[in-house]
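# Results of the structural survey
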Amino acid sequence: GTSWTEAVSRISSLLHKYEGARVICDATGVGDPVLELLRKSAPSRPIEGLVFTNQTKSELIDGLAWMFEQASLKMEPNPDLLRELEHFEAEVTGAGNVRLAASGSGHDDLVTALALASRLLPRSYRPRITLGPTRTFSSPEPKEENRC
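Let me sum up the structure you'll find in this document. (Residues numbered from 1 in each chain as written. Predicted model: local features only at pLDDT ≥ 70, side-chain atom pairs only at ≥ 80, totals over all residues. Heavy atoms only, no water.)

## Quick notes on the nonpolar core
Selection rule: Throughout, nonpolar core names a set of buried Ala, Val, Leu, Ile, Met, Phe, Trp, Tyr and Cys residues whose side chains join them through atoms within 4.5 Å. Only protein chains enter the accessibility calculation, which uses a 1.4 Å probe; a residue whose area is less than 20% of its type maximum is buried, one above 50% is exposed, and one in between is partly exposed. Working definition: helices are DSSP H or I runs of at least four residues, strands are E runs of at least two. Numbering for both runs from the N terminus. Note on contacts: a residue pair is in contact if any heavy atoms of the two residues lie within 4.5 Å.
The biggest cluster of nonpolar side chains holds 17 residues, and the ones touching the most others in it are Leu50, Leu60, Ile61, Leu64, Val111 and Leu116. Listing elements by their share of this core, those giving two or more residues are helix H3 (54–69) and helix H5 (109–119). Of the residues forming this core, the biggest block, 5 residues, is contributed by H3. Those residues in contact with valine 111 that lie beyond four places of it in its chain are Ile61, Leu64, Leu81, Glu84, Leu85 and Phe88. Counting residues in hydrophobic clusters, the runner-up holds 10 residues, among them Leu15, Ala27, Val34 and Ile47.

Structure (C-alpha cells):
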C-alpha cells in the first residue's frame, strides 16, 4: 500500500543514514521508473538495477537457498518473511518453464527482496560445476579384521 514516491523517500533517507549501503533494485517493468527515481534521489550512490528473467530469478533464489543451506545468512526472525519463505515454490508451467513464486495468491516480495540483498553479500565459496569425462575410482581394498 506504499506509494512509489514514499518508498523512494524512505530508501533515500536510509542511504543518507548508512553511508556504505549498496542498493540493488528490480528494474523489470514498473521497477524501471522506480530505479530512475532512486538514482535521482541519491545521485552519488551506485544503485544497481536488475531485470528479472527466468534465469536471473532462478540464480537469485538458488543463491539464497545456498546461503540458507550453508548457514551463512544470519538474520532476525520476521514472521511475514518466514511465511513467504514457507509458501515459495517452483512450479512447472504448461509451456515447460519453471515459475518461482509464492503458491496460490500469496506474496513473495520479501523473499525477492532478501534474495536481491543476499546477492550483494560476500560469499567465501561459490560452487562451480565443471563437466568433463566420466571418472572412475577404484574400490578400496577390504580391511582385514583383527581377531583375538
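## Here's the deal with a nonpolar patch on the surface
Let me state the cut-off plainly: Patch criteria: residues need more than 30% relative accessible area and no salt bridge. Like-charged residues are merged within 9 Å; nonpolar side chains of Val, Leu, Ile, Met, Phe, Trp and Tyr are merged within 5 Å. Only the protein chains shown count as covering a residue, and every accessible area follows the Shrake-Rupley method with a 1.4 Å probe. Between Lys or Arg on one side and Asp or Glu on the other, a salt bridge is scored when a side-chain nitrogen of the former is within 4 Å of a carboxyl oxygen of the latter.
Judged by side-chain polarity, Trp4, Val30 and Leu37 come together as a nonpolar surface patch covering roughly 310 Å² of accessible area. Judged by relative accessible area, leucine 37 falls into the partly exposed class, the value being 39%.

## A closer look at the side chain of arginine 45
Note the cut-off: Under the rule applied, a polar contact is a pair of N or O atoms within 3.5 Å (in protein, one hydrogen donor and one hydrogen acceptor; residues adjacent in sequence only if both atoms are side-chain atoms).
Along the chain, arginine 45 turns up in the loop between helix H2 (31–41) and strand S2 (47–50). Given a relative accessible area of 13%, arginine 45 falls into the buried group. Separated by 3.0 Å, the side chain of arginine 45 and the backbone oxygen of glutamate 19 make a polar contact. Excluding residues within four positions of it along the chain, arginine 45 makes contact with Leu15, His16, Tyr18, Glu19 and Ala21.

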